[in-house]
Amino acid sequence: MRIGAFGVAGVVVAAAGAGWAVYAKLSGNITPDEAAAAELARYEKERPTSLVKDARNILLIGSDSREGDDNARYGRDSGTERSDTTILLHLSAGRGSATAVSLPRDLMVNLPGCRRPDGSRSAPRFAAFNQAFQVGGSACTIRTVEKLTDIRIDNHVVVDFHGFKKMVDAVDGVEVCLREPIDDRAAKLRLPAGRVTLDGEQALGYVRARKTLGDGSDTERMERQQRFLGALVNKVRSNDVLLNPAKLYPVLDAATSSLTTDPDLASLRGLYELVRGLRDIPMERVQFLTVPRESYAYDANRDQLVEPEAERLFERLRTDTPVAVAGNVPRGSAPLRPTDSHDGSYRDSYPGSFSEPAVTVSPPPTFRGNTAAEDTCE
């Protein structure tokens, strides 16, 4: 469900050559989140300041709303919705890398007082992270993330179940690798082991399933979502989609009609300005990871941050400093610090001279995660 910026990134740039009628239609598909913009403006003085020019931080929110006929099949509409998936996407200045950090929905956090849909205001409280979206929508979620990370959120994108499925179907499905067969009645998913191309309905079940796949943890579910998103990025950026007009328009139509965004992004022009540099990011520099977390001390069904590792990650994102990911880092542990010298740094000596000082370069910490270039079957 967090296909937002990545899902659009590979396709919106191609709309520049489309006719005006097509441009206007696609641009009009996007829903501007005016209410969130007004609420965030109310609290502008308390929001963090951006530290690095041209770096961007986008919050991608997958909503579990059951509103609408197509979403109703996933459960009863209780009149509320929560953030089923939330990811903080950091785009480096110069667009040399993209780092997507999953924030667990069960993470215990301090929620600020927020404006409810009926106009009343909630009191600040300590609760699970996904309740921020239920209480006060995207504005409340953004303020919660900003208080948690001290990172300024520049833009946001909200996608629901139906939008996610449309995007997957528009690219003719996404291939994943299953190490063992899946027979999950709750997710209505039955798949063989090996390479499988998932359609929209299957993909939704795959990324949402929790209790019957793997160890049943939300952490493993987030890792599965990250691998799927990497495969989707590869599919969208493939020439088979971008250079085929018959396939390109449905993708653009699905991507734009799936989105509710801040007003700055609510047009093809706004999206183009955001994603035009993403075409050139190498797949190995498109990274996915989960914020360092562990079971909450007072409730095993909730999460808490692992400190100081989480703050170390947030600080590097704030200052646009590189991080690295690897699949062999234990979950919830301190990030690895690779080195080729005993003092924890890389030392580059000037060849042919022993009088000039060595240059010390600290390597980036390595967090558990994966890149869009990885093949999960290998």
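In this text, all values refer to a predicted model and were calculated from it rather than measured experimentally.

Draft legend 1. Quick peek at the overall build of the protein. The helix and strand tally for the protein stands at 11 helices and 19 strands. Considering the protein as a whole, with its 378 residues, one finds that 52% of them fall into the buried category. Across the protein, contacts joining residues at least 24 apart in sequence account for 70% of those joining residues at least 6 apart. Here the protein displays about 17300 Å² of accessible surface, and carbon together with sulfur accounts for 49% of that area.

Draft legend 2. Examining the side chain of T141 more closely. For T141, the position within the fold is in helix α4 (residues 131-149). Reaching out from T141, the side chain makes a polar contact with the backbone nitrogen of F133 at a distance of 3.4 Å. In contact with T141, other than residues within four places in its own chain, are L59, I61, F129, A132 and F133.

Draft legend 3. Quick look at the packing of helix α6 (residues 200-208) against helix α7 (residues 218-237). Interaxial distance between α6 and α7 falls to 8 Å at its minimum, and their mutual angle equals 140 degrees. Between α6 and α7, the contacting residues are A203, Y206, V207 and R208 on the first element and R221, R224, Q225 and F228 on the second. Of the residues belonging to the contact of α6 with α7, the class tally is 4 nonpolar, 1 polar and 3 charged.

Draft legend 4. Molecular detail of helix α11 (residues 309-318). Summarising burial for α11: 7 of the 10 residues are buried, a large majority. Along α11, the positions that sit buried rather than exposed are E309, A310, L313, F314, R316, L317 and R318. With its phi angle positive at about 55 degrees, D320 sits one or two positions after the end of α11.

Draft legend 5. Spatial organisation of the pattern of salt bridges. This model, assessed by the stated rule, comprises 14 salt bridges. Taking the shortest distance from any N to any O, the salt bridge between R152 and E44 comes out at 2.9 Å. Of this pair, R152 sits in the loop between α4 and β7 (155-159) while E44 sits in the loop between α3 (34-42) and β2 (56-63); the two residues are 108 residues apart in sequence, bridging distant segments of the chain. One network of salt bridges, in which partners are shared, links E44, R47, E146 and R152.

Draft legend 6. Structural context of the nonpolar core. Counting 50 residues, the largest nonpolar core has L198, Y206 and F228 as its most contacted members. No other element matches α7, which puts 6 residues into this core. Leaving out residues up to four positions away in the same chain, F228 has contacts with F164, V168, V174, V176, L198, A203, Y206 and V207. Among the nonpolar cores identified, the runner-up in size contains 33 residues, and L40, I61, C140 and L305 belong to it.

Draft legend 7. Molecular detail of unusual backbone geometry. Of note, the amide linkage connecting E307 to P308 takes the cis form, showing an omega dihedral of 10 degrees. Checked against the element boundaries, P308 lands in the loop between β15 (299-305) and α11. In this structure, R95 is a non-glycine residue whose phi angle is positive, near 55 degrees. Residue position: R95 is located in the loop between β3 (83-91) and β4 (98-102). Residue R95 is classed as buried on the basis of its relative accessible area of 11%. The residue D172 is not glycine, and still its phi comes out positive at about 65 degrees.

Draft legend 8. Representation of the state of the cysteines within the structure. Throughout the structure, instances matching the rule amount to 1 disulfide. Between the sulfur atoms of C114 and its disulfide mate C140 the distance is 2.1 Å. The chirality of the disulfide connecting C114 with C140 is right-handed, given an S-S dihedral of about 75 degrees. Residue C114 is located in the loop between β5 (108-111) and β6 (125-128), and its partner C140 is located in helix α4; the two are separated by 26 residues in the primary sequence. Using a relative accessible area of 2% as the deciding quantity, one classes C114 as buried. On the accessibility criterion, C140 (3% relative accessible area) is buried.

Draft legend 9. Representation of the pairing of β4 in the model. Most of β4 is tucked away: 5 of the 5 residues are buried. Burial along β4 is two-sided: A98, A100 and S102 and T99 and V101, pointing in opposite directions, are all buried. Summarising the sheet, β4 and strand β13 (residues 286-290) pair through 5 bridges and their orientation is parallel. When the bridges of β13 are listed, A98 appears paired with V286.

Draft legend 10. Structural detail: the pairing of β13. In terms of burial, β13 is a largely internal element, 5 of the 5 residues being buried. Along β13, one buried face is formed by V286, F288 and T290 and the opposite face, lined by Q287 and L289, is buried too. Across 3 bridges, the pairing between β13 and strand β19 (residues 366-371) is antiparallel. Bridged to F288 within β19 is N370.

Draft legend 11. A look at α7. Between its first and last C-alpha, α7 extends 28 Å over 20 residues, near the 28 Å set by a 1.5 Å rise per residue. Summarising burial for α7: 16 of the 20 residues are buried, a large majority.

Draft legend 12. Examining the environment of G230 more closely. Topologically, G230 is positioned in helix α7. Note: C-alpha distance between G230 and D375 (145 residues apart in sequence) is 9.3 Å. What G230 contacts, discounting residues up to four positions off in sequence, is F288 and A372.

What counts, and where the lines are drawn
As a convention, each chain's residues are numbered from 1 in the sequence order in which they are written. Whole-chain, interface and lining totals are the exception, using all residues; otherwise, since this is a predicted model, local features are given only for residues with pLDDT of at least 70 and side-chain atom pairs are given and counted only at 80 or more. By convention in this description, side-chain values take in all heavy atoms of the structure and omit both hydrogens and water. Only DSSP runs of H or I covering at least 4 residues are called helices, and only runs of E covering at least 2 are called strands; the numbering of each starts at the N terminus. A simple rule labels every residue: compare its accessible area, found with a 1.4 Å probe on the protein chains alone, to the largest value its type can have, and call it buried under 20%, exposed over 50%, or partly exposed in between. Note on contacts: a residue pair is in contact if any heavy atoms of the two residues lie within 4.5 Å. A 1.4 Å probe and the Shrake-Rupley method give the accessible areas. Residues count as covered only by the protein chains that appear here. What qualifies as a polar contact is a pair of N or O atoms within 3.5 Å, subject to a donor-acceptor requirement within protein and to the restriction that residues adjacent in sequence count only when both atoms come from side chains. Here an angle of 0 to 180 degrees is reported between the N-to-C directions of two axes, which are lines fitted to C-alpha atoms, with helices fitted over the stretch in contact. In this classification, Asp, Glu, Lys and Arg are treated as charged, Ala, Val, Leu, Ile, Met, Phe, Trp, Tyr, Cys and Pro as nonpolar, and every other residue, Gly included, as polar. The working definition used for a salt bridge is a side-chain nitrogen of Lys or Arg within 4 Å of a carboxyl oxygen of Asp or Glu. Among buried residues, those of type Ala, Val, Leu, Ile, Met, Phe, Trp, Tyr and Cys that are joined through side-chain atoms within 4.5 Å constitute a nonpolar core. In this description, the term disulfide denotes a pair of cysteine sulfurs within 2.5 Å. Only strands that DSSP links by at least two bridges are regarded as paired with each other. Given the number of residues in a helix, its expected span is that number minus one, multiplied by 1.5 Å.

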